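Secondary and tertiary structure notes
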Amino acid sequence: MPHATAPPATGHRPRWWTELPLIAVVYALYSVGRLLVRGDVSTAVDHGLAILRLEQALYLNAEHPLNRLFTSTPSIGIPADFAYASLHYVVTPAVLVWMFRRRSTAYRAARVWLMNSTLLGLVGFSLMPTCPPRLLDASHGFVDTMAQYSAYGWWGEGASAPRGLSGMTNQYAAMPSLHVGWSLWCGILLWRHGRHPLIRAAGIAYPLITTIVVMGTANHYFLDAVAGAAVMGLGALLVKPVIRFADGVKARLAGVLPDSLLGGLPGDRKRGGASTAAAAIPATVSPDVATVSPDVSAGCKTSTGERIPGQRTTSADPPGTAVGGAAARDAADADASDDAPAAAR
């Protein structure tokens with residue numbers, strides 16, 4: 001998705017004091033919206049079972065063998081639980097900061113891409129609340145590894161939520177999997193903008209490991225992961241339209257609000273810079289030519305007959321005499337002087 005991470009045509013270096021509040025507001029809206037879009041449990045269970053049946057019909061049911069492996073092997077299950085509960089809180093912001101500091105020309109597109117996809121995920125949660133495999137009845141063969149290994153971490157029955165705070169999360173927001181979506185976003189940026197081979201290798205490994213982890217811990221179905229990747233793809237397609245819309249809004253606000261509130265828009269500075277510079281150039285009106293031209297001498301004196309480079313002369317002037325220049329002014333002063341020789345008068 002190169003168009004989602006390419007630098008904008010009129011990009012400017014972002015400022016952290018405007019980026020932090022914007023990201024905080026979007027994440028707060030996402031968190032509150034995730035809680036508000038809770039569906040009823042029976043509908044979520046029906047959706048979860050429908051996904052499970054579809055996967056079994058398509059022979060895509062990798063969740064059961066992975067979940068059995070994680071359940072029977074604590075050396076795999078415990079690190080996987082830690083990864084599920086923490087990495088998306090750490091790696092995603094770290095990649096965003098890395099883009100801000102090291103790849104600032106592509107940062108804005110990357111940030112818009114992440115926000116687009118996150119909000120699209122919220123739409124998915126509202127349209128299709130889904131019960132994750134770990135919350136299905138035990139007869140379906142899944143074990144909640146987060147509950148099994150909860151003594152080793154800070155999480156409780158609310159998956160990645162800290163103990164006692166399970167009520168602050170929507171456990172039926174499983175379709176699409178933003179764990180997978182965000183990891184794919186990180187992986188593509190690391191692969192595209194990383195220069196060291198290890199960074200690029202991490203860009204490949206991170207989304208693959210995350211996909212295995214979300215299924216092995218029984219937090220997501222494989223089709224949840226597929227939907228998470230699809231949401232990221234759609235979010236990438238919307239990057240340019242969203243940026244154009246945001247720039248249009250800024251341009252309208254620039255005509256209404258003072259620059260002190262907007263902080264000055266890069267496009268306005270570029271457009272206004274040329275006109276301001278042109279207005280600051282002093283102009284001199286030539287007595288022989290009814291045009292306004294810049295005074296290239298800038299106050300410097302020249303001797304009689306010396307021509308300033310680039311300055312126009314008339315056919316009536318002797319060679320080396322500039323129209324409206326210092327030589328012309330000196331000649332006029334000489335004509336007006338009573339002490340000047342007769343030849344000069």
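Residues numbered from 1 in each chain as written. Predicted model: local features only at pLDDT ≥ 70, side-chain atom pairs only at ≥ 80, totals over all residues. Heavy atoms only, no water.

Looking at the overall build of the chain
Summing up its helical and strand segments, the chain has 14 helices and two strands in all. Taking all 345 residues of the chain together, the buried fraction comes to 40%. Partitioning the contacts of the chain with sequence separation of at least 6, the portion at a separation of at least 24 is 74%. (Helix = DSSP H or I, 4+ residues; strand = E, 2+ residues; numbered from the N terminus. Buried < 20%, exposed > 50% of the residue type's maximum accessible area, 1.4 Å probe, protein only. Contact = heavy atoms within 4.5 Å.)

Describing the packing of aromatic side chains
Taken as a whole and assessed by the stated rule, the structure comprises two aromatic pairs. Aromatic side chains F100 and Y107 sit 5.3 Å apart centroid to centroid with 85° between the ring planes, which places their arrangement in the edge-to-face category. For F100, a relative accessible area of 18% translates into the label buried. Y107 sits in the buried class, given a relative accessible area of 2%. Consider the rings of Y149 and Y152, whose centres lie 6.3 Å apart with planes at 65°: the pair is edge-to-face. Since its relative accessible area comes to 53%, Y152 is described here as exposed. The ring of W191 carries R200 above its face, with NZ or CZ at 3.8 Å from the centroid. (Phe/Tyr/Trp six-rings, centres within 6.5 Å; stacked < 30°, edge-to-face > 60°. Lys NZ or Arg CZ within 6 Å of the ring centre and 35° of its normal.)

So, a nonpolar patch on the surface
A cluster of nonpolar side chains, namely L234, L237, L238 and V242, defines an oily patch on the protein surface of about 320 Å² accessible area. By the secondary structure assignment, L237 is in helix α10 (residues 222–237). (Patch = residues over 30% accessible without salt bridge, like charges linked within 9 Å, V, L, I, M, F, W, Y side chains within 5 Å. Areas by Shrake-Rupley, 256 points an atom, 1.4 Å probe, with all protein chains shown as cover. Salt bridge = Lys/Arg side-chain N within 4 Å of Asp/Glu carboxyl O.)

Points about the environment of L96
As for its position among the elements, L96 is in helix α5 (residues 74–102). Its relative accessible area of 11% is what places L96 among the buried residues. Expressed as a C-alpha distance, the spacing of L96 and L189, which sit 93 residues apart in the sequence, is 9.3 Å. Excluding anything up to four places from it in sequence, L96 contacts I23, Y107, R111 and W185.

As for the nonpolar core
Among the nonpolar cores identified, the biggest contains 28 residues, and V95, M99, W113, W185 and L189 are the most heavily contacted of them. Those elements giving two or more residues to this core turn out to be α5, α6 (104–127), α8 (178–193), α10 and α11 (239–254). With nine residues, α6 is the single largest residue contributor to this core. Setting aside anything within four residues of it in sequence, one finds W185 in contact with T92, V95, L96, A110, W113, L114 and M232. (Core = buried A, V, L, I, M, F, W, Y, C linked by side-chain atoms within 4.5 Å.)

What about the packing of α5 against α8?
Helix-helix packing: each pair is described by the crossing angle between the helix axes and the interaxial distance. For the pair α5 and α8, the least separation of the axes is 10 Å and the interaxial angle reads 35°. Seen from above, α5 lies across α8 with left-handed handedness. Where α5 abuts α8, its residues Y84, H88, V91, T92, V95, L96, W98 and M99 lie against H179, W182, W185, C186, L189, L190 and H193. Residues that form the contact of α5 with α8 fall into these classes: 11 nonpolar, four polar and no charged. (Axes fitted to C-alpha atoms, helices over the stretch in contact; angles between N-to-C directions. Left-handed = near helix turned anticlockwise from the far one by under 90°. Nonpolar A, V, L, I, M, F, W, Y, C, P; charged D, E, K, R; others polar.)

Digging into the confidence of the model for the chain
Averaged over the chain, the pLDDT score is 77; the fraction of residues at 70 or greater is 63%. In the model, residues 263–298 has pLDDT below 50 throughout and makes 36 contacts with residues more than four positions away in sequence or in other chains. pLDDT under 50 marks residues 314–345. Its contacts with residues more than four places away, or in other chains, come to 37 contacts. (pLDDT = per-residue confidence, 0-100.)

Looking at the environment of D224
If you trace the backbone, D224 turns up in helix α10. For D224, a relative accessible area of 0% corresponds to the buried category. Here the alpha-carbon distance between D224 and G48, two residues 176 residues apart in the chain, equals 10.0 Å. Excluding anything up to four places from it in sequence, D224 contacts I51, A174, M175, P176 and S177.

Quick look at the pattern of salt bridges
Within this structure, the stated rule accounts for two salt bridges. Measuring nitrogen to oxygen at the nearest pair gives 2.9 Å for the salt bridge that ties R108 to D247. Of this pair, R108 sits in helix α6 while D247 sits in helix α11, and the two are 139 residues apart along the sequence. Using a relative accessible area of 14% as the deciding quantity, one classes R108 as buried. When its relative accessible area of 29% is taken as the criterion, D247 is described as partly exposed. Across the pair R134 and D144 runs a salt bridge whose closest N-O atoms are separated by 3.3 Å.

Observations regarding helix α3 (residues 41–57)
Here α3 is 17 residues long and its end C-alpha atoms lie 24 Å apart, about the 24 Å a rise of 1.5 Å per residue gives. Those residues of α3 hidden inside the fold are in contact with α4 (63–72) and α10. Phi turns positive one or two residues past the end of α3, at Y59, with a value near 55°. (Expected span 1.5 Å × (residues − 1).)

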